[in-house]
Amino acid sequence: RDLIVFTAFVFFIFGCISASMAMEPINSKTKRLVYLMNPSSSFEKYFSRWFIMTIGYMAVFFILFWLSDATRVLICSIRFPDIDVQFIHFDKFIGKDSYDYVFNNMTRFTFSVGLFSFIQSLFILGSTFWPKNSLVKTFSAGTIIFITFLLVCWCVISLLFENGMDNFGNALQQKTFGVQDTTIVGYMAILCIIFAVVNWVLAFFRFRESEVIKRL
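Residues numbered from 1 in each chain as written. Predicted model: local features only at pLDDT ≥ 70, side-chain atom pairs only at ≥ 80, totals over all residues. Heavy atoms only, no water.

When helices and strands are tallied, the protein chain shows seven helices and zero strands. Listing the helices and strands of the protein chain from first to last along the sequence gives α-α-α-α-α-α-α. Within the protein chain, the proportion of its 216 residues that are buried is 27%. Roughly 14600 Å² of accessible area belongs to the protein chain as shown, and the carbon and sulfur atoms make up 72% of that amount. (Helix = DSSP H or I, 4+ residues; strand = E, 2+ residues; numbered from the N terminus. Buried < 20%, exposed > 50% of the residue type's maximum accessible area, 1.4 Å probe, protein only. Areas by Shrake-Rupley, 256 points an atom, 1.4 Å probe, with all protein chains shown as cover.)

In structure tokens form, the structure reads like this:
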């Protein structure tokens, strides 16, 4: 279980790095000229980069992960012949026991997928604004926006509830709104996926606009 959690963490980090490199072909004048001379539409150029940095990244990551796990099993089997070294059991990914499994239900796993897609889409969108140093600039901008959002939420909660966050937390614990936790998580997963799609669409229009400007 711990190894799967660590792998998921690495997958998340490198997914963001990969997404920030989506517009790498246009981050310099020479690369931009070569890329723009490619006889294909703006959508084809954008989709090819999106596909490589999302679907392609996941495929390469899992292939490398399987190879590294196979290498681990091989080395450990040679080093410790008396121990039965096994491959990582992905059947421990989703289950009812929160201690033995990474996710205790399918809803939380779906939320994690949606959250990853949303954050990765932010870095793809950021790469269309900042082709150079996109990772650092997008992360910085996202951090500032997130902190601002938290401050706004805190101000609104302080105005609506007499004791601020304490009463708000009690209201959630008592399920004032009559919604179960799994339902809320499911709604959040849907929102993350919707926002991810919106960011991908915005990134395409931003890329097309940038391409036209660079041509002029």
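That was the structure; now back to the text.
Contact geometry for helix H1 (residues 2-20) and helix H4 (residues 106-129): axes closest at 7 Å, N-to-C directions at 25°. When the axes of H1 and H4 are compared, the pair comes out roughly parallel. Relative to H4, the crossing made by H1 is right-handed. Each of Phe11, Phe12, Gly15, Cys16, Ala19 and Ser20 in H1 lies in contact with H4, whose residues at this interface are Phe116, Ile119, Gln120, Phe123, Ile124 and Ser127. When its residues are assigned to classes, the contact of H1 with H4 shows eight nonpolar, four polar and no charged. (Axes fitted to C-alpha atoms, helices over the stretch in contact; angles between N-to-C directions. Parallel < 35°, antiparallel > 145°, perpendicular 65-115°, else oblique. Left-handed = near helix turned anticlockwise from the far one by under 90°. Contact = heavy atoms within 4.5 Å. Nonpolar A, V, L, I, M, F, W, Y, C, P; charged D, E, K, R; others polar.)

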